[in-house]
Amino acid sequence: MKTLDDCREAIDEIDNEMLTLLNKRMKVVQRVGEIKKETGGAIYRPEREKAIIDRLVSLNEKEGGLLNYKAIEAIFLEIFAVARNLELPERIAYLGPEGSFTHQAAESRFGAMSDYLSLNSIASVFKTLESGRAKFAVVPIENSRDGIVGETLDLLAKSSMKIVAELYMPIHMSFATKAEKLEDITKIYSKDKGFGQCREFLNEHGLINVELIPVESTAKAAILAAREPNSAAICSHIAAKLYGLPTLFENIEDAIDNTTRFVILSDFKNAVSENDKTSILVRLKDAVEAGSLVRFLQDFEEEKINLSKIESRPSRDKGGFGYWFYIDFYGHIDEEKIQKVIQKHKDEVTWLGSYVKGEE
Ligand SMILES: C=C(O[C@@H]1C=C(C(=O)O)C=C[C@H]1O)C(=O)O
């Protein structure tokens, strides 16, 4: 049996080998960066990254490795993020402030080393991306409990930027305060959705009559609650930590499966992979006529294209009661059977992006 010292010596040797291999990998990545520069190719290729992770996961299974999917994904996403920074450092705009769930989501894809830009509204995130001041943007698009983030959809409808990746992140809310007793608390700050997701907790702790103050983000709530005695925040654990607010309760959300879907936006089109999803907005010309949506969807059925989501949105134009439909389906816009349907309805469809399906 090896002693602790033996084990540590063995670990040091393995780490040395890993460092050499990582540097070897980065050299190849640098060359990829040069090729992309010559050919004008996109640096971030989510479908290639997904393919690498899937290949490694199945190799790991065959070899009976100790790592699970989550571990392999976490390690390699960080490696990819460092690699992309070597190819070309690119700025990422996200819905801030620092410590927001969107920030957490952005870091999970772009790593700790990237150049981040925190913005205080979804509209400014879109503007920054469109002006070229950032190469990528990360915004929330839907929550499993509260539904769609309307602002993101409405901005996507008007923007030339596309969804290049999606990711699902479990949202855990913390109750953080500098107050010593719950009875001392007179105000609670959070994002409106934060209150919506923690109603049972507030009821059970007799906090329902306390003034609930919605602010633009849960991180902002943490900043305000850190400044004011007798106030509290419903926010992420990382925001509470970042702004020096002690966490009193963790995981206070009503639904344990509270998940937010985030999208990464940019200005390029992904290549086709085996596991794609596509998002579109559909404005049916004869939306008022009964059956027009059914007929539209039948075209998908005929081509055996499966939908994963359909949601109606008020069109907000010309003061009328027109509706748009936001639809997610499986497949890539460049696939033949999908082109068949899209071409048939090309005046009614806005393509929002095709991207590798995220792990829910
Ligand atoms: C190296 C590349 O660029 C990026 C980095 C990757 C990597 O580190 O393996 C993979 C895909 C891209 O996001 C590539 O496209 O192959």
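Residues numbered from 1 in each chain as written. Predicted model: local features only at pLDDT ≥ 70, side-chain atom pairs only at ≥ 80, totals over all residues. Heavy atoms only, no water.

Participant: Lay out the sheet that holds strand β14 (residues 323-330) in plain terms, naming residues and giving numbers.
Facilitator: On the basis of which strands lie adjacent, the open sheet formed by four strands has the order β13-β14-β12-β15 and antiparallel pairing. A single partner strand is all that each edge strand has here, and the edge strands are β13 (307-314) and β15 (349-356). Strand-to-strand twist in this sheet, taken as the mean axis angle between neighbours without regard to direction, amounts to 15 degrees. Pairing analysis gives seven bridges linking β13 to β14, with the strands arranged antiparallel. From the neighbouring strand, Pro-314 faces β14, where its bridge partner is Tyr-323. (Pairing = 2+ DSSP bridges. Helix = DSSP H or I, 4+ residues; strand = E, 2+ residues; numbered from the N terminus. Axes fitted to C-alpha atoms, helices over the stretch in contact; angles between N-to-C directions.)

Participant: Which residues make up the state of the cysteines, and what are the values?
Facilitator: Working definition: the covalent bond between the sulfur atoms of two cysteines is a disulfide. One pass over the structure, following the stated rule, counts zero disulfides. You can see Cys-198 has no disulfide; the closest cysteine sulfur is in Cys-235, sitting 10 Å from it. (Disulfide = S-S within 2.5 Å.)

Participant: Go over the sheet that holds strand β9 (residues 231-235) with me, naming the residues and quoting the values.
Facilitator: Spatial strand order, β8-β7-β9-β6-β10: five strands in an open sheet with mixed pairing. Each edge of the open sheet carries a strand with a single partner, namely β8 (211-214) and β10 (247-249). With strand direction ignored, the average angle separating the axes of adjacent strands in the sheet is 30 degrees. Judged from the four bridges that link them, strand β7 (residues 187-190) and β8 form a sheet pairing that is parallel. Within the sheet, the bridge partner assigned to Ser-190 lies in β8 and is Pro-214. Against the sheet, helix α9 (residues 218-227) makes contact with β7 and β9, and its axis sits at roughly 160 degrees relative to β9, the strand it touches most. (Contact = heavy atoms within 4.5 Å.)

Participant: Could you give an account of the site of the ligand, with specific residues and numbers?
Facilitator: In the vicinity of the ligand, 13 residues are found, and the nearest of them are Arg-25, Lys-36, Arg-45, Glu-49 and Glu-87. With respect to the ligand, the backbone of Ile-43 contributes an N or O atom lying 3.4 Å from an oxygen atom. Interatomic distance of 2.9 Å between a backbone N/O atom of Arg-45 and an oxygen atom of the ligand. Protein chains shield 91% of the accessible area of the ligand, which is 360 Å² for the free molecule. Listing elements by their share of the shell around the ligand, those giving two or more residues are α1 (4-39), α2 (46-63) and α3 (69-87). Its residues placed into classes, the shell around the ligand shows six nonpolar, no polar and seven charged. (Near = heavy atom within 4 Å. Polar contact = N/O pair within 3.5 Å; in protein donor to acceptor, adjacent residues only side chain to side chain. Areas by Shrake-Rupley, 256 points an atom, 1.4 Å probe, with all protein chains shown as cover. Nonpolar A, V, L, I, M, F, W, Y, C, P; charged D, E, K, R; others polar.)

Participant: Which residues make up the pairing of strand β12 (residues 276-282), and what are the values?
Facilitator: Counting buried residues along β12, seven of its seven residues qualify, which places the element largely inside the surrounding structure. In β12, alternate side chains face the same way, and those of Asp-276, Thr-278, Ile-280 and Val-282 on one face and Lys-277, Ser-279 and Leu-281 on the other are all buried. Of the strand pairs in this sheet, β12 and β15 are connected by seven bridges, and their pairing is antiparallel. Bridged to Lys-277 within β15 is Tyr-355. In this sheet, β14 lies alongside β12 in antiparallel orientation, the contact comprising six bridges. Bridging from a neighbouring strand, Lys-277 pairs with Tyr-330 of β14. (Buried < 20%, exposed > 50% of the residue type's maximum accessible area, 1.4 Å probe, protein only.)

Participant: Can you lay out the domain arrangement of the chain for me, pointing to particular residues and giving the numbers?
Facilitator: We note that the domain assignment places domain 1 (4-86), domain 2 (90-171 + 259-266), domain 3 (174-249) and domain 4 (276-356) within the chain. Relative placement of domain 1 and domain 2: their C-alpha centres are 25 Å apart. With both chains or domains summed, domain 1 and domain 2 bury close to 890 Å², and 55% of this area falls on carbon and sulfur atoms. Counting the surface domain 1 buries against domain 2, the share from its top three residues, Tyr-44, Leu-77 and Asn-85, is 52%. The interface formed by domain 1 and domain 2 includes zero salt bridges. (Domains from an automatic or database assignment. Buried area = accessible area lost by both parts, 1.4 Å probe. Salt bridge = Lys/Arg side-chain N within 4 Å of Asp/Glu carboxyl O.)

Participant: Describe the packing of aromatic side chains, listing the residues and the values that go with them.
Facilitator: Scanning the entire structure with this criterion turns up eleven aromatic pairs. Ring plane angle 90 degrees and centroid distance 6.3 Å describe the contact between Phe-136 and Phe-268, whose orientation is recorded as edge-to-face. With a gap of 132 residues between them, Phe-136 in strand β3 (residues 136-143) and Phe-268 in the loop between β11 (259-266) and β12 connect regions that are remote in the sequence. Comparing Phe-136 with Phe-268 shows no difference in burial state: the two are buried. (Phe/Tyr/Trp six-rings, centres within 6.5 Å; stacked < 30°, edge-to-face > 60°.)

Participant: I'd like a description of the pairing of strand β2 (residues 115-119), backed by residues and values.
Facilitator: With five bridges joining them, strand β1 (residues 91-95) and β2 adopt parallel strand pairing. Pairing of Ile-92 across the sheet is with Tyr-116, part of β2. Crossover handedness for the path β1 to helix α4 (residues 101-110) to β2: right-handed. (Right-handed = clockwise from strand over helix to strand, strands pointing away.)

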